[in-house]
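Here is how the chains run, residue by residue.
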Amino acid sequence: MDRQKIEELRERVSCGAVLVDAGFAIDTRESSRRAVKFRRGGEIVIVTHGGAGWFDPLSDEKGDVFSLAVFLEKIPFKASIARVGRLAGMNFMPAPRRVGARPAVLSVGDNWERRPRLIRLSPAWRYLHDTRALPWQVLRRVAQMDIVRQGPQRSAWFAHHDEAGMLSGWEERGPQWRGFSTGGSKTLFRLGGKAITRVCITEAAIDALSLAALENIRPDTLYASTGGGWSPSTVRAIETIAPKAMLVAATDADPQGEVYADRLRQIADRVGGDFMRLRPHAIDWNEELKERQDEKDVPHARAAGSRVKLRPPDGGP
């Protein structure tokens, strides 16, 4: 097939069509306008660019519709052309919106500074407090630390900082929107002090704050979020922390959460740190917090495992 035909196929067949044909389904709860999450059991693929691109959040694999067919079926490129050609005419992704001239691109830091700080009874505060059940004590803490700001349409922005404390991007969550900052990179959202002996890693900043609320913001704990991704910068940030404190995999109670927990376990093993798996009783920590919001006394979260020393200290047995 000549190059022109290949380009026509690339335009006609979306990555979503290939995934649905392979038995994947859209996870509407975890999808956004710019990133649609597909699941097949424990497998996850994120479709981007209006269906033209994709990536695997658990590896470095990414590409176009042809590379997706190669990735899923372990076939050569030539066979992927026939595979995609069979799906010509199917389109499971919305067409990308056409817009006019793009505005000037601001830096990540400039975009962050343009957003209002989180203040009591602001639209973002009401969303986090009324809809997400985060108590005012937690919201006051993150407002004082300036790690959460107000986004558009009642959304909240949760800052990610690298090991040097530099802003690298932010998670975006709102009643009708979820995503990550354009041009930013995922490292870790962090709530906690420096003198810590325990770091709880969640998949979303709201879950990190929910766990902090359930535990009354333990002073010995850093509550962190990967933003649902697993970038090299995220791995480096966790590897920097893990030797200094117990690494707690506080990810969701679902197959994806178990995959993330296993990766955290491997990091702890690699750096010789302690590890613990902490599962919510609900699907995630925010759902558990909402289930308990009417209780007078919120109990601490309970560990689903015990403290495990993965590597004995020097001179140990």
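Looking at the sheet that holds strand E4 (residues 53–55)
A sheet is described by the order of its strands in space; here 5 strands give the open sequence E1-E2-E3-E4-E5, paired in antiparallel fashion. With partners counted over all chains shown, the strands left at the sheet margins are strand E1 (25–26) and strand E5 (62–63), one partner each. For strand E2 (residues 36–40) and strand E3 (residues 43–48), the ladder comprises 5 bridges, and the chain directions are antiparallel. Across the sheet, arginine 39 pairs through a bridge with isoleucine 44, a residue of E3. With respect to the sheet, helix H3 (residues 65–73) is in contact with E3, E4 and E5, its orientation differing from that of E4 by roughly 35°.

Let's talk about the pattern of salt bridges
Under the definition given, this model contains 20 salt bridges. For arginine 39, the salt bridge identified is with aspartate 27, shortest N-O distance 2.5 Å. With arginine 39 in strand E2 and aspartate 27 in the loop between E1 and E2, this pair connects stretches of sequence that are 12 residues apart. Two residues, glutamate 73 and arginine 83, come together in a salt bridge whose shortest N-O distance is 2.3 Å. Here the residue glutamate 73 occupies a position in helix H3, and arginine 83 occupies one in helix H4 (residues 77–85), the gap between them amounting to 10 residues. For arginine 83, a relative accessible area of 12% gives the class buried.

Remarks on the sheet that holds strand E7 (residues 156–161)
Strand order in the open sheet formed by 4 strands is E6-E7-E8-E9, with antiparallel pairing between adjacent strands. Unpaired on one side and paired on the other, strand E6 (148–150) and strand E9 (177–180) mark the two borders of the sheet. The sheet shows a mean angle of 25° between the axes of neighbouring strands, direction not considered. Note that strand E8 (residues 167–174) and E9 share 4 bridges and pair antiparallel. For glycine 174, the partnering residue across the bridge sits in E9 and is tryptophan 177.

Here we look at helix H9 (residues 232–241)
Within the span of H9, buried status applies to Ser233, Thr234, Val235, Ala237, Ile238 and Ile241. Where the residues of H9 are buried, they touch strand E10 (189–191), strand E11 (198–202), strand E12 (221–225), strand E13 (246–249) and helix H10 (255–271).

Things to note about the packing of aromatic side chains
This structure, assessed with the given rule, holds 5 aromatic pairs. An angle of 15° between the planes, with centres 4.4 Å apart, marks the rings of tryptophan 157 and tryptophan 170 as stacked. Of the two residues, tryptophan 157 sits in strand E7 while tryptophan 170 sits in strand E8, which places them 13 residues apart along the sequence. Exposure class is identical for tryptophan 157 and tryptophan 170. Each is buried. Over the ring of phenylalanine 71 we find lysine 74, and its NZ or CZ is 5.3 Å from the ring centre. In this structure, arginine 115 is placed above the aromatic ring of tryptophan 157, and the distance from its NZ or CZ to the ring centre is 5.6 Å.

Considering the pairing of E7
Side chains on a regular strand alternate between the two faces of the sheet. For E7, a buried count of 5 out of 6 residues is recorded, marking the element as mostly surrounded by other parts of the structure. Linkage of E6 to E7, two consecutive antiparallel strands, is achieved through a turn of 5 residues, within which glutamine 153 is found at a positive phi near 55°. With 6 bridges connecting them, E7 and E8 associate as antiparallel partners. Counted as the bridge partner of alanine 156 is arginine 173 from E8. Between E7 and E8, which pair antiparallel one after the other, the connecting turn spans 5 residues, and glycine 165 there sits at a positive phi close to 85°.

Considerations on the packing of H3 against H4
With their axes 9 Å apart at the nearest point, H3 and H4 run at an angle of 105° to one another. Taken together, the axis directions place H3 and H4 in an arrangement best described as roughly perpendicular. Taken together, the residues of H4 that come into contact with H3 (itself represented by Val65, Phe66, Ala69, Val70 and Glu73) are Phe77, Ser80, Ile81, Arg83 and Val84.

Some thoughts on the environment of arginine 40
Residue position: arginine 40 is located in strand E2. A relative accessible area of 27% means that arginine 40 is categorised as partly exposed. Ignoring sequence-local partners within four residues, the contact set of arginine 40 consists of Ala22, Gly23 and Phe24.

Some remarks on the pairing of E3
Most of E3 is tucked away, with 5 of its 6 residues classed as buried. Two successive antiparallel strands, E2 and E3, enclose a turn made up of 2 residues, where glycine 41 displays a positive phi of approximately 65°. The pairing of E3 with E4 spans 3 bridges and is antiparallel. Looking at the pairing, threonine 48 lines up with glycine 53 of E4. With antiparallel pairing between neighbouring strands as the criterion, E3 and E4 make up a hairpin whose turn holds 4 residues, including histidine 49 at a positive phi of roughly 55°.

Procedures and definitions
- Residues numbered from 1 in each chain as written.
- Predicted model: local features only at pLDDT ≥ 70, side-chain atom pairs only at ≥ 80, totals over all residues.
- Heavy atoms only, no water.
- Pairing = 2+ DSSP bridges.
- Helix = DSSP H or I, 4+ residues; strand = E, 2+ residues; numbered from the N terminus.
- Contact = heavy atoms within 4.5 Å.
- Axes fitted to C-alpha atoms, helices over the stretch in contact; angles between N-to-C directions.
- Salt bridge = Lys/Arg side-chain N within 4 Å of Asp/Glu carboxyl O.
- Buried < 20%, exposed > 50% of the residue type's maximum accessible area, 1.4 Å probe, protein only.
- Phe/Tyr/Trp six-rings, centres within 6.5 Å; stacked < 30°, edge-to-face > 60°.
- Lys NZ or Arg CZ within 6 Å of the ring centre and 35° of its normal.
- Parallel < 35°, antiparallel > 145°, perpendicular 65-115°, else oblique.

So, to be careful, I would describe these as geometric facts and stop short of saying anything about function.
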